[in-house]
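# Survey of secondary and tertiary structure
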Amino acid sequence: MTRSRSLIVGLVVLFAIGIGAYVAYDQVLSGDSTPPLALPSSSPDALASGDPTPDASASADPATSGAPAASFDGDVAGTWTVAAGSQAGYRVTEQLASLPAASEAIGRTDQVTGQIVVTSDGTTTTVDSGSLTVDTTTIASDESRRDNRMRNEGLQTDEFPTATFTLTQPVEVPAAAVAGTATDITLVGDLTLHGVTKSVEIPAQARLADGQIQVQGSITFPLSDFAIQAPNIGGFIISIADEGTLEFVVLFDPA
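Presented here is an overview of the structure given in this document. Numbering of residues begins from 1 in every chain and follows the order in which that chain's sequence is written. In keeping with the model being predicted, local features are shown solely for residues with a pLDDT of at least 70 and side-chain atom pairs are shown and tallied solely at 80 or more, while totals for entire chains, interfaces and linings include all residues. With hydrogens and water excluded, all non-hydrogen atoms of the structure serve as input to the side-chain values.

The pairing of strand 1 (residues 78–82) with strand 4 (residues 112–120) spans four bridges and is classified as antiparallel. Of the residues in strand 4, the one forming a bridge with Trp80 is Ile116. Examined bridge by bridge, strand 4 and strand 5 (residues 125–135) share nine bridges and lie antiparallel to one another. Its bridge partner lying in strand 5, Thr113 is registered against Thr133. Only strands that DSSP links by at least two bridges are regarded as paired with each other. Numbered from the N terminus, helices here are DSSP runs of H or I no shorter than four residues, and strands are runs of E no shorter than two.

Following this line, the structure appears as structure tokens:
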């Protein structure tokens with residue numbers, strides 16, 4: 001009886017250790033689970049707090065963001081300016097000295113400005129021009145040591161305090177997007193990051209909803225394309241991947 005009881009206790013202990021190991025891997029070693037920035041799932045007010053920190057509440061569920069929202073019933077033609085709730089930031093894979101598995105570093109800011117100009121002839125809606133500016137000095141992650149290094153290494157925000165994107169080709173807005181359904185578009189323009197300007201094509205989604213034009217997109221590129229060298233954070237980060245992702249969700253109000 002004693003031997004059977006010991007065997008049972010041993011199995012229980014092993015099971016508990018196994019569960020603990022799985023939880024540790026799932027919550028720590030498997031990396032950051034913060035979802036990418038996405039269109040609001042319901043009202044733009046869900047993003048109105050402007051919290052720049054990587055938090056799941058700042059992003060909508062990509063599986064639901066494509067659902068039709070309240071369509072815009074005003075005159076879409078005119079100038080639209082960036083509204084509260086817009087965010088932009090980076091996502092890069094890094095190897096922390098304290099963890100055996102790679103994780104994602106995520107930095108975000110709500111300091112986004114800019115405008116777009118929209119025309120419409122009643123049947124076709126087009127974004128004729130537009131530009132965005134991001135204050136890179138305000139990008140924050142969950143680690144102050146990483147952010148401090150970004151001032152003079154990596155993005156070198158002390159030297160390059162802004163990043164900009166300017167459309168170089170008009171964007172025809174699909175009818176479904178005008179009706180409130182998130183629809184794929186491509187943004188062609190000049191991206192200036194770390195003092196380097198490149199012509200890029202950014203896959204994005206757009207829609208007119210809740211009285212706003214809402215645009216979400218991201219682009220992944222080698223850091224070397226913009227002369228970015230991974231910051232050296234001795235004792236904290238062992239290595240950083242040689243490519244990163246720029247992501248954004250921008251909400252526009254009529255000017």
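Moving on: the environment of Phe165. Residue position: Phe165 is located in strand 6 (residues 162–167). Each residue's exposure class comes from its accessible area (1.4 Å probe, protein chains only) as a fraction of the maximum for that residue type: buried when under 20%, exposed when over 50%, partly exposed otherwise. For Phe165, a relative accessible area of 10% translates into the label buried. For the pair Phe165 and Gly189, spaced 24 residues apart in sequence, the C-alpha separation works out to 6.7 Å. Contacts of Phe165, omitting those with residues within four sequence positions, involve Gly130, Ser131, Leu132, Leu187, Val188, Gly189, Asp190, Leu191, Val200 and Ile202. Two residues form a contact once any of their heavy atoms are found within 4.5 Å.

The backbone phi angle of Gln156 is positive, close to 50 degrees, even though this residue is not glycine. Mapped onto the fold, Gln156 is located in the loop between helix 2 (144–150) and strand 6. A positive phi is found at Asp210, a non-glycine position, where the angle reads about 55 degrees. Locating Asp210 in the fold gives a position in the loop between strand 9 (196–209) and strand 10 (212–222).

The pocket and cavity definitions rest on a 1 Å grid over protein atoms only: a 1.4 Å probe that fits but cannot leave marks a cavity, an open set with protein on both sides within 12 Å along at least five of seven lines marks a pocket, and residues lining either have an atom within 4 Å of a point. Grid points are joined across faces, edges and corners, and a volume is the space filled by probe spheres set on the points. Counted according to the given criterion, the structure contains two cavities of 30 Å³ or more. For the largest cavity, the calculated volume is near 440 Å³. Gly89, Tyr90, Leu155, Leu193 and Leu246 are the residues nearest the centre of the largest cavity, which is lined by 30 residues in total. Breaking the lining of the largest cavity down by element, the ones donating at least two residues are strand 2 (87–96), strand 5, strand 6, strand 8 (183–193) and strand 11 (237–254). Considering every element that reaches the lining of the largest cavity, the biggest residue donor is strand 11, with six residues. Under the grouping applied here, Gly and all other residues not named as nonpolar or charged are polar, the nonpolar ones being Ala, Val, Leu, Ile, Met, Phe, Trp, Tyr, Cys and Pro and the charged ones Asp, Glu, Lys and Arg. Split by residue class, the lining of the largest cavity holds 22 nonpolar, seven polar and one charged. Each pocket or cavity is described by its volume, and for the second largest cavity that value is around 270 Å³. Considering the residues around the second largest cavity, the lining is formed by 23 residues, among which Ile116, Val127, Leu187, Val215 and Phe252 are closest to the centre. Mapped onto the lining of the second largest cavity, the elements with two or more residues apiece are strand 4, strand 5, strand 6, strand 7 (171–173), strand 8, strand 9, strand 10 and strand 11. Looking at the lining of the second largest cavity, its residues break down into 18 nonpolar, four polar and one charged.

A separate point is the packing of aromatic side chains. By convention, a stacked pair of Phe, Tyr or Trp rings (six-membered ring in the case of Trp) has centres within 6.5 Å and planes under 30 degrees apart, an edge-to-face pair has planes over 60 apart, and any other such pair is tilted. For the structure shown, the criterion picks out one aromatic pair. Ring centres of Phe221 and Phe226 lie 4.9 Å apart, and the angle between their planes is 65 degrees; this geometry places the pair in the edge-to-face category. A single burial state applies to Phe221 and to Phe226, both of which are buried.

The next thing to look at is the pattern of salt bridges. What makes a salt bridge here is a side-chain nitrogen of Lys or Arg within 4 Å of a carboxyl oxygen of Asp or Glu, nothing more. Per the counting criterion, the structure on display carries six salt bridges. As a salt-bridge pair, Arg91 and Glu247 come within 3.5 Å of each other at their nearest N and O atoms. Here Arg91 is found in strand 2, whereas its partner Glu247 is found in strand 11, with 156 residues between them in sequence. For Arg91, a relative accessible area of 8% puts it in the buried group. Residues Arg108 and Glu247 are paired through a salt bridge, measuring 3.2 Å at the closest nitrogen-oxygen approach. Remark: Glu247 occurs in strand 11 and Arg108 occurs in strand 3 (residues 103–109); sequence separation between them is 139 residues. The exposure class assigned to Arg108 is buried, which follows from its relative accessible area of 0%.

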